[in-house]
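# Observations on the model geometry
Chain residues, written in single-letter form:
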Amino acid sequence: MAKQDRITVAHGDGIGPEIMDATLRIMDAAEVGLTYDVIEIGEKVYKSGHESGISPESWETLRNNKVFLKAPITTPQGGGFKSLNVTIRKSLGLYSNVRPFRAYTPYVPSHFPNMDVVIVRENEEDLYAGIEHQQTSEVVQTIKLISEPGSEKIVRYAFEYARAYGRKKVTCMTKDNIMKHSDGLFHKVFNEVAKEYPDIAADHWIIDIGSAVVAARPESLDVVVTLNLYGDVISDIAAEVAGSVGMAGSSNIGMEHAMFEAIHGSAPDIAGQNIANPSGLLNGATMMLVQIGKADKAELIQNAWLKTLEDGIHTGDIYDPKISVERVGTKEFADAVIERLGQKPKKLKPVKYNENVSINVEVAEKPAKKKEMVGVDVFIDWREGNRDADAFGDKLSAEGATDKLKVKVISNRGVLVYPGGMPETFKSDHWRVRYTNPNNELVTNSDVLELLQKIQDLGFDFIKTEHLYHFDGERGYSLSQGE
Ligand code: NAD
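Scoring rules and cut-offs
Residues numbered from 1 in each chain as written. Predicted model: local features only at pLDDT ≥ 70, side-chain atom pairs only at ≥ 80, totals over all residues. Heavy atoms only, no water. Helix = DSSP H or I, 4+ residues; strand = E, 2+ residues; numbered from the N terminus. Buried < 20%, exposed > 50% of the residue type's maximum accessible area, 1.4 Å probe, protein only. Contact = heavy atoms within 4.5 Å. Areas by Shrake-Rupley, 256 points an atom, 1.4 Å probe, with all protein chains shown as cover. Lys, Arg positive; Asp, Glu negative; His and termini not counted. Charge placed at Lys NZ, Arg CZ, Asp CG, Glu CD. Pairing = 2+ DSSP bridges. Axes fitted to C-alpha atoms, helices over the stretch in contact; angles between N-to-C directions. Parallel < 35°, antiparallel > 145°, perpendicular 65-115°, else oblique. Left-handed = near helix turned anticlockwise from the far one by under 90°. Nonpolar A, V, L, I, M, F, W, Y, C, P; charged D, E, K, R; others polar. Salt bridge = Lys/Arg side-chain N within 4 Å of Asp/Glu carboxyl O. Near = heavy atom within 4 Å. Polar contact = N/O pair within 3.5 Å; in protein donor to acceptor, adjacent residues only side chain to side chain. Expected span 1.5 Å × (residues − 1). Domains from an automatic or database assignment.

## Some words on the overall build of the protein
Helix and strand counts for the protein come out as 13 helices and 20 strands. With the principal axes as the frame, the protein shows a C-alpha extent of 85 × 55 × 45 Å. Across the 483 residues that make up the protein, the buried fraction comes to 54%. Once local pairs closer than 6 in sequence are excluded, the contacts in the protein between residues at least 24 apart make up 78%. Accessible area of the protein: about 21800 Å², with a carbon and sulfur share of 50%. Taken as two groups, the 55 positive and 70 negative side-chain charges of the protein have centres that lie 4 Å from each other.

This is how it looks when you write it as structure tokens:
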């Protein structure tokens, strides 16, 4: 992202206006040299009829300025209100969510004084694509989409980030022992990209044990790159473990746009009382300054902030009479940071930002792979009789197949139930019938249409199909458990 002097600012809801005011005052005192275009987003905008929480004019400002500093907003409960964060991330292509978590012991209690982890979370794909359908009375699906370019973009971002910020290791977390294709793709891309960064160590954890490592040994982690859902979960664990939910900032980075914010919400319970801690948003703003080529100002502010913490000037959320010297409000905390501009912390480690942090991620388009169709999964809504898988399978095998496509196996919720299923297996009303060609001939869409007509004529209710492909000769689908 190029040097930038004009940004969009939103004061948000709840404590938003107070912490934004504090943050902007500190930035102005540090003479960051930015002009702010203020837009209104959030509760009022939702309630005035914009179901995405932002008006078309504000969109224009966001798109023109490219950089957005955002205070938290309140999403009204119920109704068809969409999450503004998700809308902004997706519309502006903010593919990378970067969340640094550092311990500030003893000023903020944490069991891990040396914890300093950055979680780089994929921000556009995965289950957050929000593609959901109820397919039968009993079964609902959410589709998890992982793309190769999307994975490559975020993995490259993580390695570039590590390099730019002098970090030593990138750890990938997936669940590819179970999701061999989707998470497997992410892990494979990680392994390939890692080879291009021999100066940075690379390792991989399965997400369940990886989450345990975040909770129990966070000091062993440096940069973590992971898929959207896992990143969401482990960053809350990391925030809790660092002891700093109210202190963490976050950035959402795209090829052209970027958005910076605090991790916490609008805290309506303490709004308007001048007691909120502005540190989370201030840390988000610091990340922004580094990103837009004002690393010197980011350093000035961050070191003054660290000095304020170690001088014991604390807002109520982190105030501890054993360690703190003075309990202050939001405004007074900002004043204390401003007074310390130019000073460095003595006990906490001062920060030093690289002036030339510019993270450029290029993902070249790859040639399309050779795609061959070898069969089709037809999903059928069926609950007749006793849900007898043998009767169902025998009928489809005898009458619901064509010369080209024959029933191979049937599974229910991924478990093989025909032929030779176990009577104990629970069966929902959602059946997957896998058709392939017994002579391993390739099949076409016309073959599938002929098959579907046959299934329909037999009186079965098919609810969706998934084609079985080989890409460059490699199987592109999973087998049923027991297949
Ligand atoms: P929250 O983060 O707003 O508050 C959780 C608790 O932490 C509250 O007790 C609050 O008082 C405290 N807290 C949060 N930030 C603080 C700060 N800076 N200083 C001191 N104490 C602080 O979470 P919530 O209560 O679940 O959500 C409130 C609203 O915020 C909801 O409408 C939610 O949708 C929204 N939200 C917005 C964002 C965002 O805009 N990025 C993120 C999360 C939640």
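## Quick look at the pairing of strand 10 (residues 223-226)
Both faces of the sheet carry side chains from a regular strand, because those side chains alternate between them. Side-chain alternation along strand 10 places Val223 and Val225 on one buried face and Val224 and Thr226 on a second face that is also buried. Two strands pair when backbone bridges link them, and strand 5 (residues 116-122) and strand 10 are joined in this way by four bridges, in the parallel orientation. From the neighbouring strand, Arg121 faces strand 10, where its bridge partner is Thr226.

## Things to note about the packing of helix 5 (residues 148-164) against helix 6 (residues 182-194)
Look at helix 5 against helix 6: their axes get within 9 Å of each other, and the N-to-C directions meet at 45 degrees. Judged by the inter-axis angle, helix 5 sits oblique to helix 6. Considering only the axes of helix 5 and helix 6, their crossing is right-handed. Note on element contacts: helix 6 touches helix 5 through Leu185, Phe186, Val189, Phe190, Val193 and Ala194, opposite Glu148, Ser151, Glu152, Ile154, Val155, Arg156 and Phe159. Here the contact of helix 5 with helix 6 is built from residues that sort into nine nonpolar, one polar and three charged.

## Description of the pattern of salt bridges
This model, assessed by the stated rule, comprises 36 salt bridges. Taking the shortest distance from any N to any O, the salt bridge between Glu40 and Lys44 comes out at 3.6 Å. Each of Glu148, Glu152, Arg156, Glu196, Lys366 and Lys369 takes part in a single network of salt bridges with overlapping partners.

## Regarding the site of the ligand
Taken together, 18 residues sit near the ligand, with Gly265, Ser266, Ala267, Asp269 and Asn277 positioned nearest. The separation between an oxygen atom of the ligand and a polar main-chain atom of Gly265 is 2.7 Å. When the ligand is considered free in solution it has 810 Å² of accessible area, and contact with the protein chains removes 63% of it. When its residues are assigned to classes, the shell around the ligand shows seven nonpolar, seven polar and four charged.

## Some remarks on the packing of helix 9 (residues 279-291) against helix 10 (residues 295-310)
Taken N-terminus to C-terminus, the directions of helix 9 and helix 10 make an angle of 155 degrees; their axes are 7 Å apart at the nearest point. The orientation of helix 9 relative to helix 10 falls into the category roughly antiparallel. Viewed along their axes, helix 9 and helix 10 form a crossing whose handedness is left-handed. Between helix 9, through Ser279, Leu282, Asn283, Thr286, Leu289 and Val290, and helix 10, the contact on the second element is made entirely by Ala295, Lys297, Ala298, Ile301, Gln302 and Trp305. Looking at the contact of helix 9 with helix 10 residue by residue, the class counts come to seven nonpolar, four polar and one charged.

## Comments concerning helix 9
Helix length check: helix 9, at 13 residues, gives a terminal C-alpha distance of 18 Å against a target of 18 Å (1.5 Å per residue), a fit within 8%. Within helix 9, 13 of the 13 residues are buried, which leaves the element mostly enclosed by the surrounding structure. Phi turns positive one or two residues past the end of helix 9, at Gly293, with a value near 85 degrees.

## What about the domain arrangement of the protein?
Entries for the protein in the domain assignment read domain 1 (1-93 + 243-351), domain 2 (111-237) and domain 3 (371-475). The gap between the C-alpha centroids of domain 1 and domain 3 is 53 Å.

## A look at the sheet that holds strand 19 (residues 461-471)
On the basis of which strands lie adjacent, the open sheet formed by six strands has the order 17-16-18-15-19-20 and antiparallel pairing. Both outer strands of the open sheet, strand 17 (415-418) and strand 20 (474-475), are each paired with one neighbouring strand and no more. As defined by bridge partners, strand 15 (residues 371-381) adjoins strand 19 across ten bridges and the pair is classed as antiparallel. Within the sheet, the bridge partner assigned to Asp381 lies in strand 19 and is Asp461. Across the sheet, helix 12 (residues 389-399) lies against strand 15, strand 16 (406-412), strand 17 and strand 18 (430-436), angled at about 70 degrees from strand 17, the strand it touches most. Of the strands in this sheet, strand 15, strand 18 and strand 19 are in contact with helix 13 (residues 445-457), which crosses strand 15 at around 15 degrees.

## Things to note about the sheet that holds strand 4 (residues 96-102)
The strand order across the open sheet formed by ten strands is 2-1-3-12-11-4-5-10-8-9, and the pairing between neighbours is mixed. At either margin of the open sheet sits one strand with a lone partner, and together these are strand 2 (35-39) and strand 9 (201-206). Strand-to-strand twist of the sheet, defined as the mean angle between neighbouring strand axes without regard to direction, takes the value 20 degrees. Of the strands in this sheet, strand 1 (6-10), strand 2 and strand 3 (67-70) touch helix 1 (residues 16-29), which is tilted by about 130 degrees from strand 3. Packed on one face of the sheet, helix 7 (residues 207-216) meets strand 8 (169-174), strand 9 and strand 10 and runs near 110 degrees to strand 9.

## Considerations on the environment of Asn277
As for its placement among the helices and strands, Asn277 is situated in the loop between strand 12 (258-262) and helix 9. Judged by its relative accessible area of 6%, Asn277 is buried.

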